[in-house]
Amino acid sequence: MVAIAKLSRSIRGAKIPERALGLFFHNFARLIGTGHPFPTSLIHAAKGIDQELMAVCEQVAPKMQNGMPLFQALVPFRSRFPELTIPVLEVAEVSGTLEGASERLSKAFSSFDNFQSRFHDVALDPVKITLGAVMFKVIFSMGADPIAILKTAAFTAAQVAILVFVVRMLYRYLHRYRSFHILVDKVRLAIPHSGAIQRNLASARWARSFATMWHAGVPISQALDVASRSSLNAFYEMHIQKAVALTRQGKTLAESLEGIELTPQHLLPILRVAETTAEFGKALDQYVNALEEEALQKAAQESMAAMVTGYIIVGLIAVLIAFGVPIPSFLL
């Protein structure tokens, strides 16, 4: 079952779910806070949450029993966890603040999951597209035999599902080539409407990761470097890496992000003012929350625009049919 779950996630390009990780690290923090040994706490914290996570913990616990730090024991499994996990744990174990860092990771992954759920509620995703295609076909099959309508709906759903699967598998295969990855993500960001959604989503993800690592004590350049990979967009990551280089030259975070065209420039004053005071942590959280809210609003606006466009197209086709204008068979 674990192998099947891992294979399924690999096909979809997914890691261990952030919701499961949020609950796991919350349980882990509580257990070690009450004095339980780290290895047994790791096993108990994962029970009943996720099979793949449980299997990882069962392999990691004996290594911890022999004195290996948690972050080091997780290195062979780093591809199954979000990018910020190991750097946060490494700093925490060096500084002796593993309980607090685990709680921070729990809150971060819970925030990620909450944001992703809200984002999917307002953005167009493959499931909504599939349902839209099925409804489109069914609407223009009305009046036919009910069995024929059901067959049309099932056939359309299967077509879209197969297309999505093939495209995803092809993308996963070509994804290993860095230049292709950057090119595809650059195109995604350039597409009208949906590109704006992807840009805001990438901004929100890297900022949440960066804030979590900064609060955990990870050096700013390292935090920015790792957080850039949390954006899940190679082209966006490439631009953030320019800011990483500037922070290593001694520039402030706001100064480093100022020339990065993909970051929301109108939010940078929040950071610029805070970096001269003792309120940087609070301002950083405000910056992240503002990015997430902006991403949700943009997704809702663009999704609504796409739906309206779809209704207009359907209405136009209906009018053309009513006037006897021939419609290409592949649309119907």
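Nothing here was measured: the structure is a model prediction, and the numbers come from that model. (Residues numbered from 1 in each chain as written. Predicted model: local features only at pLDDT ≥ 70, side-chain atom pairs only at ≥ 80, totals over all residues. Heavy atoms only, no water.)

Peer 1: Help me get a handle on empty space enclosed by the protein, residues and values and all.
Peer 2: All told, the structure shown has 1 cavity of 30 Å³ or more when counted by the stated rule. Size it by volume and the largest cavity reaches roughly 60 Å³. Along its surface, the largest cavity is lined by Phe24, Phe25, Leu42, Leu53, Val56, Cys57, Val60, Leu70, Leu74, Phe81 and Leu89. If you list the elements that add at least two residues to the lining of the largest cavity, you get helix 2 (18-33) and helix 4 (51-65). Residue contributions to the lining of the largest cavity peak at 4 residues, all from helix 4. For the lining of the largest cavity, the class distribution of residues is 11 nonpolar, no polar and no charged. (1 Å grid on protein atoms, 1.4 Å probe; cavity = no way out; pocket = protein on both sides within 12 Å on 5 of 7 lines; lining within 4 Å. Points joined across faces, edges and corners; volume = space filled by probe spheres on them. Helix = DSSP H or I, 4+ residues; strand = E, 2+ residues; numbered from the N terminus. Nonpolar A, V, L, I, M, F, W, Y, C, P; charged D, E, K, R; others polar.)

Peer 1: Report on the packing of aromatic side chains, specifying residues and quantitative values.
Peer 2: Two aromatic rings, taken as a pair, are described by how far apart their centres are and by the angle between their planes. Within the structure shown, the criterion is met by 5 aromatic pairs. Centroid distance Phe24 to Phe28: 6.1 Å. Interplanar angle 10°. Geometry classified as stacked. Of this pair, Phe24 and Phe28 both sit in helix 2, separated by 4 residues, roughly a single helical turn. In this structure Phe24 comes out as buried when scored by relative accessible area, which is 3%. Taken together through their ring pairs, the aromatic side chains of Phe24, Phe25, Phe28, Phe38 and Phe109 make up a single cluster. (Phe/Tyr/Trp six-rings, centres within 6.5 Å; stacked < 30°, edge-to-face > 60°. Buried < 20%, exposed > 50% of the residue type's maximum accessible area, 1.4 Å probe, protein only.)

Peer 1: Just give me the short version of the side chain of Ser221, but keep the residues and values in it.
Peer 2: Counting through the fold element by element, Ser221 comes out in helix 12 (residues 220-229). Residue classification places Ser221 among the buried positions, given a relative accessible area of 13%. Within the local environment of Ser221, its side chain forms a polar contact with the side chain of Thr247, the two groups lying 2.9 Å apart. With near-sequence residues (within four places) excluded, Ser221 lies in contact with Val244, Thr247 and Arg248. (Polar contact = N/O pair within 3.5 Å; in protein donor to acceptor, adjacent residues only side chain to side chain. Contact = heavy atoms within 4.5 Å.)

Peer 1: Can you break down the pattern of salt bridges residue by residue, with the values?
Peer 2: Once the charged atoms of two side chains with opposite charge are near each other, the side chains can pair. This structure, assessed with the given rule, holds 2 salt bridges. For Arg80, the salt bridge goes to Glu52, with nearest N and O atoms at 2.6 Å. Taken together, the residues span a long stretch of sequence, with Arg80 in the loop between helix 5 (70-73) and helix 6 (85-95) and Glu52 in helix 4 at a distance of 28 residues. Overall, the relative accessible area of 9% leaves Arg80 in the buried class. Residue Arg248 pairs with Asp225 through a salt bridge whose shortest N-O separation is 4.0 Å. You can see Arg248 sitting in helix 13 (residues 234-248) and its partner Asp225 sitting in helix 12, a full 23 residues away along the chain. Residue classification places Arg248 among the exposed positions, given a relative accessible area of 55%. (Salt bridge = Lys/Arg side-chain N within 4 Å of Asp/Glu carboxyl O.)

Peer 1: Account for the environment of Leu98, naming residues and giving values.
Peer 2: Considering the arrangement of structural elements, one finds Leu98 in helix 7 (residues 98-122). Along the backbone, Leu98 and Ala216 are 118 residues apart, and their C-alpha atoms lie at a distance of 9.7 Å. Excluding anything up to four places from it in sequence, Leu98 contacts Phe28, Ile32, Phe38, Leu89, Ala92 and Glu93.

Peer 1: Before we move on, could you go through the nonpolar core and cite the residues and values that matter?
Peer 2: Core analysis: the biggest nonpolar cluster contains 65 residues, and Val60, Trp206, Leu257, Leu271 and Tyr287 have the highest contact counts within it. Sequence-distant contacts of Tyr287, defined by excluding residues within four places in its chain, comprise Trp206, Ala207, Leu257, Pro264, Leu267, Leu268, Ile270 and Leu271. (Core = buried A, V, L, I, M, F, W, Y, C linked by side-chain atoms within 4.5 Å.)

Peer 1: So what about the packing of helix 2 against helix 3 (residues 38-46)? Which residues, and what values?
Peer 2: Put simply, helix 2 and helix 3 touch, their axes get as near as 8 Å, and they point 140° apart. Crossing handedness for the pair helix 2 and helix 3: right-handed. Contact residues: helix 2 offers Phe24, Asn27, Phe28, Leu31 and Ile32, while helix 3 offers Phe38, Ser41, Leu42, His44, Ala45 and Ala46. The residue makeup of the contact of helix 2 with helix 3, split by class, is 8 nonpolar, 3 polar and no charged. (Axes fitted to C-alpha atoms, helices over the stretch in contact; angles between N-to-C directions. Left-handed = near helix turned anticlockwise from the far one by under 90°.)

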